Amino acid sequence: MAYQKPTGTQDLLPGTVETWQTIERKARDLCQRFNYKEIRTPVFEQTDLFVRGVGETTDIVEKEMYTFKDKGDRSMTLRPENTAGVVRSYVENKLYGEPDVTKLYYMGPMFRYERPQAGRYRQFHQFGVEAFGSVAPSLDAEIIALGYQFMKDVGLSGVRVEINSIGNAPSRAAYRQHLLDFLTPMKETLCKDCQSRMDRNPLRVLDCKVDQEKFKEAPSILDSLDEECATHFAKVKEYLTAMGVDYEVNHRLVRGLDYYTHTAFEYKAQGIGAIDTVGGGGRYNGLVADIGGPDQPGIGFGIGMERIALLLEKQGVVCNDAPPLDIYLVGLGEQAEDEVTKLLYDLRKAGIAAEKDYQSRKMKAQMKSADRMQARYAGILGDDELSRGEIAVKELATGEQRFVKLSELADVLKQG
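- In the nomenclature of an unreviewed UniProt entry, the protein chain corresponds to Histidine--tRNA ligase from the organism Paenibacillus profundus.
- You can read under Subcellular location (unreviewed entry) in the UniProt record for the protein chain the words "Cytoplasm".
- Of the comments in the UniProt record for the protein chain, the one headed Subunit (unreviewed entry) reads "Homodimer."

Encoded structure:
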């Protein structure tokens, strides 16, 4: 072939995309129950938004962004994540002026230049939520529980949550020194990225995938939390326990983005190769102000939809609630075929999922097509039936057949 899909992308074809549609519908239904409203933001933004929002020492900004100059010589970047874009929209559209907590969700494509592997693509899709305007630990627990319940709703098992607190600025400053005291003696043995990050943002070192084994004895940030942060984290754990969310504390969890404060969390599941993180998020109380808005707290998560789909496949879960085709119409003869074309449109207008043959095939081939499409019924119309104003309706699962008036077909199908 002259053209193929770009490396790290995929085509979602019929037979697969129905699973995605079900995942998306379950996400929307859940957000409606939790009172989160959908937001849609551009797939590209000014590059500086991600440098400021995500953090210039992160892998995303340093290595993974798709950045380009537009025709106005402005630096633009395909969004590598969507929290920064949602925060930009929140500020630009002055949503902070609303009296209640702003609760938003999104679904859509993100872009990162990564090495493709199972569950990891260069164009990938995320389902995420963001909430602004409250520091209440109950909101942290609600967000974590929402993502946890989403995975249960789609049918996944064995999902667990890891949580941590990375505190506020004073707590992190105290921890930074403890961490540097631990890392400095081993600096020359660490990878080049870790050595660079020790000077700029030591917490990023804990997120390294190369030297992870060397950090087993690293000090815990939980020991550096002040009273405010410790109390907040204790309440989050209390609420999660009350909600029945399966979680464990991982004191080395820092997440790969610089904007997090207080609560950080990840959803974990086995079955997608070397990767076991399905999604994650945390609180970002300073990000709105950093992007030019008022000092409003925020918290959210992003879940990888490719990883959800892969886990469903690995666990043998059929996540496809697309309704079946109601009826496949078969026209035998020129006049009957003309009537079938009109009848097909009338049924569709009435809310009936219907199909017909477009290749002038014989009846046997058309009936096989009805079976392949998993139609509930076949409607067979010949010249004799047409002269009587009737159509033969055959239930394909049982073989039972009856005659129905053409004018009553839609109502009969709706009644089952």
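Here we look at the packing of aromatic side chains
Thinking step 1. For the coordinates displayed, the defined rule picks out nine aromatic pairs.
Thinking step 2. Geometrically, the ring pair formed by phenylalanine 127 and phenylalanine 301 is edge-to-face, given 5.7 Å between the ring centres and 80 degrees between the ring planes. Of this pair, phenylalanine 127 sits in strand E6 (residues 123-132) while phenylalanine 301 is found in strand E11 (residues 298-304), placing the two residues 174 residues apart along the sequence.
Thinking step 3. A relative accessible area of 0% places phenylalanine 127 in the buried class.

Section: the sheet that holds strand E4 (residues 75-78)
Thinking step 1. Strand order in this open sheet of three strands is E2-E4-E3, and the pairing throughout is antiparallel. In this open sheet, the two edge strands, each paired with only one partner strand, are strand E2 (44-46) and strand E3 (67-69). Direction aside, neighbouring strands of the sheet carry axes that sit 35 degrees apart on average.
Thinking step 2. Pairing of E3 with E4, which is carried by three bridges, proceeds in the antiparallel orientation.

Regarding the nonpolar core
Thinking step 1. Among the nonpolar cores identified, the biggest contains 44 residues, and Phe127, Phe150, Tyr267 and Ile308 are the most heavily contacted of them.
Thinking step 2. Residue contributions to this core peak at nine residues, all from helix H5 (residues 137-153).
Thinking step 3. Beyond its immediate stretch of four places on either side in the chain, isoleucine 308 contacts Ile23, Phe150, Met151, Val154, Leu156, Val278 and Ile303.
Thinking step 4. Listed in part, the 43 residues of the second largest apolar core include Met65, Ile166, Leu287 and Ile291.

Some remarks on the sheet that holds strand E15 (residues 390-395)
Thinking step 1. The five strands are arranged E13-E12-E14-E15-E16 in an open sheet whose pairing can be described as mixed. For this open sheet the edge positions go to strand E13 (354-356) and strand E16 (401-405), each flanked by a neighbour on one side alone. Put simply, the sheet's adjacent strands are angled 30 degrees from each other on average, direction ignored.
Thinking step 2. Bridge count between strand E12 (residues 327-332) and strand E14 (residues 377-382): six bridges; the pairing is parallel. Each residue of the ladder has a partner; that of leucine 332, found in E14, is glycine 382.
Thinking step 3. Sitting on the sheet, helix H11 (residues 334-349) touches E12, E13, E14 and E15, and the angle it makes with E12 is about 160 degrees.
Thinking step 4. Its contacts with the sheet put helix H12 (residues 363-372) on E12, E14 and E15, and the angle it makes with E12 is roughly 175 degrees.

Some thoughts on the packing of helix H1 (residues 17-33) against helix H10 (residues 305-314)
Thinking step 1. In the contact formed by H1 and H10, the axes pass within 11 Å of each other and the chain directions differ by 115 degrees. Relative to H10, the element H1 lies roughly perpendicular. Of the two possible hands of crossing, H1 and H10 adopt the one that is right-handed. Contact residues: H1 offers Thr19, Trp20, Ile23 and Glu24, while H10 offers Met305, Glu306, Ile308, Ala309 and Leu312.
Thinking step 2. A breakdown of the residues in the contact of H1 with H10 according to their chemical character gives six nonpolar, one polar and two charged.

Quick word on the environment of glutamate 400
Thinking step 1. Mapped onto the fold, glutamate 400 is located in the loop between E15 and E16.
Thinking step 2. Placed 382 residues apart in sequence, glutamate 400 and glutamate 18 show a C-alpha to C-alpha distance of 29 Å.
Thinking step 3. Residues contacting glutamate 400, with those up to four places away along its chain left out, are Val393, Lys394 and Glu395.

Comments concerning the pairing of E12
Thinking step 1. Buried residues dominate E12, accounting for five of its six residues.
Thinking step 2. Here three bridges tie E12 to E13, and the two strands are oriented parallel to one another. Pairing of tyrosine 328 across the sheet is with glutamate 355, part of E13.

Here's the deal with helix H2 (residues 47-54)
Thinking step 1. Along H2, the positions that sit buried rather than exposed are Thr47, Leu49, Phe50, Gly53 and Val54. Down the axis, H2 shows its buried residues gathered within 160 degrees of arc, on one side only.
Thinking step 2. Tucked inside the fold, the buried residues of H2 contact E2, helix H3 (59-64), E3, E4, helix H4 (83-92) and helix H9 (287-290).
Thinking step 3. Glycine 55 occupies a position one or two residues after H2 and carries a positive phi of about 115 degrees.

A short note on the pattern of salt bridges
Thinking step 1. Using the criterion set out here, one finds 26 salt bridges in the structure.
Thinking step 2. A salt bridge links arginine 25 to aspartate 29; the nearest nitrogen and oxygen atoms lie 2.4 Å apart. One end of the pair is arginine 25 and the other is aspartate 29, both in helix H1 and four residues apart, which spans about a single turn.
Thinking step 3. Owing to a relative accessible area of 34%, arginine 25 belongs among the partly exposed residues under this scheme.
Thinking step 4. For aspartate 326, the salt bridge is made with arginine 376, and the minimal N-O distance between the two is 3.1 Å. In this pair, aspartate 326 sits in the loop between H10 and E12 while arginine 376 sits in the loop between H12 and E14, placing the two residues 50 residues apart along the sequence.

Rules of the game
Residues numbered from 1 in each chain as written. Predicted model: local features only at pLDDT ≥ 70, side-chain atom pairs only at ≥ 80, totals over all residues. Heavy atoms only, no water. UniProt positions renumbered as here; feature names shortened; annotations may be inferred. Phe/Tyr/Trp six-rings, centres within 6.5 Å; stacked < 30°, edge-to-face > 60°. Helix = DSSP H or I, 4+ residues; strand = E, 2+ residues; numbered from the N terminus. Buried < 20%, exposed > 50% of the residue type's maximum accessible area, 1.4 Å probe, protein only. Pairing = 2+ DSSP bridges. Axes fitted to C-alpha atoms, helices over the stretch in contact; angles between N-to-C directions. Core = buried A, V, L, I, M, F, W, Y, C linked by side-chain atoms within 4.5 Å. Contact = heavy atoms within 4.5 Å. Parallel < 35°, antiparallel > 145°, perpendicular 65-115°, else oblique. Left-handed = near helix turned anticlockwise from the far one by under 90°. Nonpolar A, V, L, I, M, F, W, Y, C, P; charged D, E, K, R; others polar. Arc of directions from axis to C-beta. Salt bridge = Lys/Arg side-chain N within 4 Å of Asp/Glu carboxyl O.

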